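Spelled out, the chains give:
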Amino acid sequence: MAGRINDDDVKAVRDAVPIDAVVSEYLQLRNAGGGNLKGLCPFHDEKSPSFQVSPGKGLFHCFGCQEGGDTIAFVMKIDHLTFSETVERLAAKAGITLRYEEGGYNPSHQRGERIRLVEAHKFAADFYREQLNGPEAETGRRFLAERGFDQDAAAHFGVGYSPAGWDHLTRYLRGKGFSDKELITSGLAQDGRRGPVDRFRGRLMWPISDTAGEIVGFGARKLRDDDNGPKYLNTPETPIYKKSQVLYGIDLAKKDIAKASRAVVVEGYTDVMACHLAGVTTAIATCGTAFGNDHIKILRRLLMDNGSARVIFTFDGDAAGQKAALRAFEDDQKFAAETYIAIAPDNMDPCDLRLAKGDDAVRDLVEPRTPLFEFALRQIVGRYDLETPAGRAAALDEAAQVVAKIKTHSVQREVAVQLAGLVGILDQEFVVHRVARFARWARDRGERGDRGPAGRAPGRRAPQAVPEAPRPPSGPALNLRSPAHRTERELLKLALQKPALVSPAFDAYGEDEFTAPPYAAVRRCIAEAGGAEQGLADAREYLAAVLDAAPDDTVRSLVTELAVEVFHGKSIDEAYAGDHLVKVRLRAVDRRIGDVQSSLARLGSNVAPDHLAAAQNEVWVLQQYAQSLRGHGAAAL
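All of the points below concern the structure found in this document. Everything quoted here is computed from the prediction, not taken from an experiment.

Let's shift gears to the sheet that holds strand β1 (residues 30-33). Sheet strands line up and pair through hydrogen bonds in the backbone, either parallel or antiparallel. Read from one edge to the other, the open sheet built from five strands follows the order β1-β2-β3-β4-β5, with strand pairing classed as antiparallel. Edge positions in the open sheet fall to β1 and β5 (68-70), since each of these has one partner strand only. For this sheet, the mean inter-axis angle between neighbouring strands, taken without regard to orientation, is 25 degrees. In this structure, strand β3 (residues 51-54) lies alongside strand β4 (residues 59-62), joined through four bridges in antiparallel fashion. Bridge pairing in β4 links Phe51 to Cys62.

In structure tokens, the structure reads:
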């Protein structure tokens, strides 16, 4: 079996792939100052960006959830890969050939499951694309042509065709070295009476990629009347394909979504194609499931939740489309972006609209028209007879429960006022208070948005839920109000980020000069990595060595935090570094003087004469040193 990856090759991979380029495949980054970049953390939900990337150091750190590390750690965490799988993926991206110790290189043994499954999908996509050119795929090519997609369009989106036979792809992938178990696990094949058979047969095929651009699944469209399967058949849930976590077209749209701060959500593969070909290159679609929480997280990381961000839904105007819009409104408050809905004339989807009226009509369609909340409320209110008091009361009760879910009080009030107008109630304050009552009732129940009995106002307040005990911070507990802790933190940041300013003096400092145990642990890691002086030759290798020396994830997280955190000073120079070196050393000297004097005071007359003389001499020497530090600063070190 293949051995471990050569250490020099791991270093080469770490150095060759810029961390900001890798992270940018998953979220939008903006300038954070000091050479750092910031974005919304992909590892926990947050409304303001606390996730920072330091391209110069090759590190990332989230000040919210304490996740941190280098490029390899980021990919391992976000894509759930092993160390070897991550290095192999990044090496392939950088064009680096890896060497393996103790047995050489054996792809079938060394590569992890995810990489094998992704490779199988890549080969499958190539196979399907080639099949689209064959005589059997004439129905598929005609399907595309009838919807306005030529050969170039099909090639751009990687559209292919799966042959109608039982095992064409299975035999092809076996020839590429894939086992039957891998084919079943990938979802490309399924169990048959005599072994694996192709899952997709006689269908038009759309490859579905993740945010990083790797193909993880397929969407297949029925073409023949004798096909008894569903109109659209997608890859089943697999280790690499979770339908609630993928968006079709995200690999093509992500850069423009980030650049324009706008995303257009459509309903199908051909709608995405039509939008992109018409110039709406921010269009994406869900893959056989409703637009939900995980999809929102993907878009939020790209949109960065700035004030101008917009998400536009293009649901059909039929009953199913209205239901989808209401479902989207349920999650509307999870966006910081403004949300809209756009419905084409005659309820046409973007693909049909492009065929009937051209590219301009598609571009006009997605210009924001109706706020999603307004559309949702109109759909609810429209189900009732507003000519009668009972109808208005029933409409108000149902719609008010929806408005009560809006978390921002000012927005909730504004929408409640608009609801009064929709229902036809002149007393706007009555509607505002009605909505507020539903909101309070939901909070008291401890279930945000839980509805009361239909057509009835909330009754007596439910017992107040016992609040959950606050979780302790995941990072080390440090008192940053302490001047000593602040100074020690700044000195460690200097040692990690600008070692030239503190070396070699810093390397003579002991762990006991750092009063906070977590800082002492970081000091120990720096020492085990060879000291700050090692950072003068190769900053990235030095930081990697410090991280490798960390005894646990808590210390490792603190190292990445200190390695990317901005400094408090305006000018980070030799004077700034010297000031912090002196402050940390001076406090350590003063503590030692105090300890010796306290020890002598406790012993009193019981202290031996020679011990007393030695202690008094130590105090005198330390006092002279402290006086020199105060008078001469860093020159006395």
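Membership of the largest hydrophobic core comes to 44 residues, with the highest contact counts inside it found for Leu144, Val159, Leu204, Trp206 and Tyr248. Ranked by residues supplied to this core, first place goes to helix α12 (residues 269-277) with five residues. Every residue in contact with Trp206, bar those within four places of it in the chain, is listed here: Phe143, Leu144, Val159, Gly217, Phe218, Gly219, Arg221, Tyr232, Tyr248, Tyr269, Thr270 and Met273. Tyr519, Leu543, Leu558 and Leu581 belong to the second largest nonpolar core, which has 36 residues in total.

What follows deals with the pairing of strand β14 (residues 310-313). Pairing analysis gives four bridges linking strand β12 (residues 262-266) to β14, with the strands arranged parallel. In the sheet register, Ala263 faces β14, and the bridge partner there is Val311. The sheet contact formed by β14 and strand β15 (residues 338-341) spans four bridges and is parallel. Bridging across to β15, Arg310 finds its partner in Glu338.

Before going further, it helps to spend a moment on the packing of aromatic side chains. Counted under the stated rule, the structure contains 18 aromatic pairs. When the centroid spacing of 5.3 Å and the interplanar angle of 85 degrees are considered together, the rings of Phe291 and Phe313 count as edge-to-face. Of this pair, Phe291 sits in the loop between β13 (283-285) and α13 (293-303) while Phe313 sits in strand β14, placing them 22 residues apart in sequence. The class for Phe291 is buried, based on a relative accessible area of 8%. Here the aromatic residues Tyr26, Phe43, Phe51, Phe60 and Phe74 are joined through ring pairs into a cluster of three or more. Between the NZ or CZ atom of Lys77 and the centre of the ring of Phe43, over which it lies, the distance is 5.8 Å. When the ring centre of Tyr509 is taken as reference, the NZ or CZ atom of Arg585 above it lies at 4.1 Å.

Let's shift gears to the pattern of salt bridges. If you walk through the whole model with that rule in mind, you get 37 salt bridges. The residue Arg147 makes a salt bridge to Glu146 at a minimum N-O spacing of 3.8 Å. Ionic pairing is found between Glu374 and Arg378, a salt bridge with its closest N-O pair at 3.3 Å. With Glu374 and Arg378 both in helix α17 (residues 372-381) and four residues apart, this pair spans about one turn of that helix. Overlapping salt bridges, with partners in common, bring together Asp79, Arg89, Arg114, Asp210 and Glu214 in one network.

Next up on the list: the sheet that holds strand β11 (residues 232-234). If you trace the four strands from one edge of the open sheet to the other, you get β6-β9-β10-β11, paired in antiparallel fashion. Each edge of the sheet is formed by a strand with only one pairing partner; in this case those strands are β6 (160-162) and β11. Each strand of the sheet is rotated relative to its neighbour by a mean of 35 degrees, with strand direction disregarded. Helix α6 (residues 113-131) contacts β6, β9 (203-209) and β10 (215-222) of the sheet and is inclined by roughly 35 degrees relative to β10. Sheet strands touched by α12: β9, β10 and β11. Its angle to β9, the strand with the most contacts, is close to 70 degrees.

All right, on to the side chain of Glu561 then. With respect to the helices and strands, the residue Glu561 is situated in helix α25 (residues 553-564). By relative accessible area, Glu561 is classed as buried at 9%. The residues touching Glu561, leaving out its near neighbours within four places in the chain, are His61, Phe63, Gln66 and Arg489.

Cut-off values and rules
- Residues numbered from 1 in each chain as written.
- Predicted model: local features only at pLDDT ≥ 70, side-chain atom pairs only at ≥ 80, totals over all residues.
- Heavy atoms only, no water.
- Pairing = 2+ DSSP bridges.
- Helix = DSSP H or I, 4+ residues; strand = E, 2+ residues; numbered from the N terminus.
- Axes fitted to C-alpha atoms, helices over the stretch in contact; angles between N-to-C directions.
- Core = buried A, V, L, I, M, F, W, Y, C linked by side-chain atoms within 4.5 Å.
- Buried < 20%, exposed > 50% of the residue type's maximum accessible area, 1.4 Å probe, protein only.
- Contact = heavy atoms within 4.5 Å.
- Phe/Tyr/Trp six-rings, centres within 6.5 Å; stacked < 30°, edge-to-face > 60°.
- Lys NZ or Arg CZ within 6 Å of the ring centre and 35° of its normal.
- Salt bridge = Lys/Arg side-chain N within 4 Å of Asp/Glu carboxyl O.

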